Amino acid sequence: MHTVMIHVIVLSFLSLSGLCALTYAAEQTITRTVEEFTLGMPKEQALTVLLTGLKQQHLTLVDQAQTPSQALMEHVEPNPIDAVGQPWIAPQSADVLYTLNALLFDAQEFKDPVVNIALAAQVEQSLSWSSPTAQSMYLVLYQDHVFGIFVVPRAAYKTMKHDVFATYGPSQASIYHKSYGFAFVQGDQWRDAHTMLTLTVDNGLFSVDRALYGLLKEQAAGMLKGVP
């Protein structure tokens, strides 16, 4: 009789603990803004934030040899709307979705090379810049909005992991994704209704807009149906 009661108490405790953990996770709101860049913001607005940061010397382009900050501002400022998508966008790469998938999703839809090439033409990546808190940072753009914010923090991985776990609680998922058939990406992931956040063991912090991700994945699935 005592043994049965102990089992009931333990099971009740585990059920309650699990419920509390789920409630805790559901209540978390993941930060969507980094250095004034916000997931889902229009592309033109993101460019304005970048130019403001460069003017105030809060942000600095990482590769000054490729695109000096002053040259970028002089090129864009006379007519920023027409210039959007040109001087601050990195050269297009067919690897962008493979990289995103390895770091974040591990979704089958993005692993087909034909689909990957077709979708990569619709996804843009900004130049990289640094800030007081980031060694480097860049945006991924889809449908003229900020799809993802990718940061290599100045703080060490141990510090970042402590801070993220303190803010959002235990990891909701551990990732171990295979990339390009030989490299592996490992880290922790958190999600709420609108945002996905990943911290990799090599200290990459990546946040993604889930609504835009849903659209991208839906588009990839539609393309995949037409691939023989």
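About the cut-offs
- Residues numbered from 1 in each chain as written.
- Predicted model: local features only at pLDDT ≥ 70, side-chain atom pairs only at ≥ 80, totals over all residues.
- Heavy atoms only, no water.
- Buried < 20%, exposed > 50% of the residue type's maximum accessible area, 1.4 Å probe, protein only.
- Helix = DSSP H or I, 4+ residues; strand = E, 2+ residues; numbered from the N terminus.
- Pairing = 2+ DSSP bridges.
- Phe/Tyr/Trp six-rings, centres within 6.5 Å; stacked < 30°, edge-to-face > 60°.

A. Up close: the pairing of strand 7 (residues 145–153). Among the nine residues in strand 7, seven count as buried, and that is most of the element. Bridge count between strand 6 (residues 134–142) and strand 7: eight bridges; the pairing is antiparallel. Within strand 7, the residue paired with M137 across the bridge is V151. The turn linking strand 6 back onto strand 7 is made up of two residues, and Q143 within it adopts a positive phi angle of 55°.

B. Fine view of the environment of V115. Considering the arrangement of structural elements, one finds V115 in helix 6 (residues 113–120). The exposure class of V115 is buried, given its relative accessible area of 2%. A sequence separation of 104 residues divides V115 from Q219, and the C-alpha atoms of the two residues are 9.4 Å apart.

C. Up close: the packing of aromatic side chains. Per the stated rule, a full pass over the model turns up five aromatic pairs. Measuring from centroid to centroid gives 4.9 Å for F150 and F206, while their planes differ by 45°, and the two rings are tilted. Residue F150 is found in strand 7, and its partner F206 is found in strand 11 (residues 205–209); the two are separated by 56 residues along the sequence. The pair formed by F150 and F206 is uniform in burial state, with each residue classed as buried. Taking 5.2 Å as the distance between ring centres and 90° as the angle between the ring planes, the aromatic pair formed by F165 and W190 counts as edge-to-face. Note that F165 is positioned in helix 7 (residues 157–168) and W190 in strand 9 (residues 183–191), a separation of 25 residues in sequence. Residue F165 is classed as partly exposed on the basis of its relative accessible area of 28%. By relative accessible area, which is 0% here, W190 ends up buried. Through a chain of ring-to-ring contacts, three or more aromatic side chains come together here, namely Y138, F150 and F206.

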